[in-house]
Amino acid sequence: SVLSSHPLIDVHTGIILAFIVYTDATTDIKKTSCLGIFGSIVMTLLEPYLDQGHNLFVDNWFTSVGLFEALFERSTGACGTVGKSRVNLPDLEEKIGKVQQIYKHTNK
């Protein structure tokens, strides 16, 4: 059994707005097969906040084009970190240092 905690935190106050403790198949989330488990966790946590023009910032566990486009369709912006080997993202051919950044985006 996998156990991990996924909080939704207000960036201005640092207050935890919601969280999900993931415990494998018994976790109470709305599963969306095309988004995978991490995308489903995000959409479940954000349900009360969608369609309100919020912006979401996530780490590499939650960054995916499919999730970000699903959020965009619900008037929610998204930005996240990625590793070079992340699937379905543009090639990151440049090697960068720890303090450097590369920005990529879709037409949406």
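My aim in this report is to walk through the structure given alongside it, one point at a time. (Residues numbered from 1 in each chain as written. Predicted model: local features only at pLDDT ≥ 70, side-chain atom pairs only at ≥ 80, totals over all residues. Heavy atoms only, no water.)

### Some remarks on a nonpolar patch on the surface
Now for step 1: On the surface, Ile9, Ile16, Phe19 and Val21 cluster together into a nonpolar patch covering about 390 Å² of accessible area.
Now for step 2: The element contributing the most residues to the nonpolar patch is strand β2 (residues 16–22), with 3 residues.
Now for step 3: Looking at the element boundaries, Ile16 is found in strand β2. (Patch = residues over 30% accessible without salt bridge, like charges linked within 9 Å, V, L, I, M, F, W, Y side chains within 5 Å. Areas by Shrake-Rupley, 256 points an atom, 1.4 Å probe, with all protein chains shown as cover. Salt bridge = Lys/Arg side-chain N within 4 Å of Asp/Glu carboxyl O. Helix = DSSP H or I, 4+ residues; strand = E, 2+ residues; numbered from the N terminus.)

### Observations regarding the packing of aromatic side chains
Now for step 1: One pass over the full model with this rule turns up 2 aromatic pairs.
Now for step 2: Summarising the aromatic geometry, the rings of Phe38 and Trp61 are spaced 5.4 Å apart at their centres and angled 50 degrees between planes, so their arrangement reads as tilted. Taken as a pair, Phe38 in helix α1 (residues 36–46) and Trp61 in the loop between β3 (55–58) and α2 (65–73) lie far apart in primary sequence, 23 residues in all.
Now for step 3: We classify Phe38 as partly exposed; its relative accessible area is 29%.
Now for step 4: Under the relative-accessibility criterion, Trp61 is labelled exposed at 54%.
Now for step 5: Relative to Phe62, the ring of Phe38 has its centre 5.4 Å away and its plane inclined at 90 degrees; by these criteria the two rings are edge-to-face. Here Phe62 lies in the loop between β3 and α2 and Phe38 lies in helix α1, a separation of 24 residues in the sequence.
Now for step 6: Following the ring pairs from residue to residue traces out a cluster consisting of Phe38, Trp61 and Phe62. (Phe/Tyr/Trp six-rings, centres within 6.5 Å; stacked < 30°, edge-to-face > 60°. Buried < 20%, exposed > 50% of the residue type's maximum accessible area, 1.4 Å probe, protein only.)

### Some words on the pairing of strand β4 (residues 77–80)
Now for step 1: As judged from the 4 bridges shared by β3 and β4, these two strands associate in the parallel manner. Each residue of the ladder has a partner; that of Phe57, found in β4, is Cys79.
Now for step 2: Of the crossover connections in this fold, the one passing from β3 over α2 to the parallel β4 is right-handed. (Pairing = 2+ DSSP bridges. Right-handed = clockwise from strand over helix to strand, strands pointing away.)

### Section: the environment of Phe19
Now for step 1: Among the secondary structure elements, Phe19 is positioned in strand β2.
Now for step 2: The class of Phe19 is exposed, set by a relative accessible area of 55%.
Now for step 3: Spatially, the C-alpha atom of Phe19 lies 22 Å from that of Gly66, the residues being 47 residues apart in sequence.

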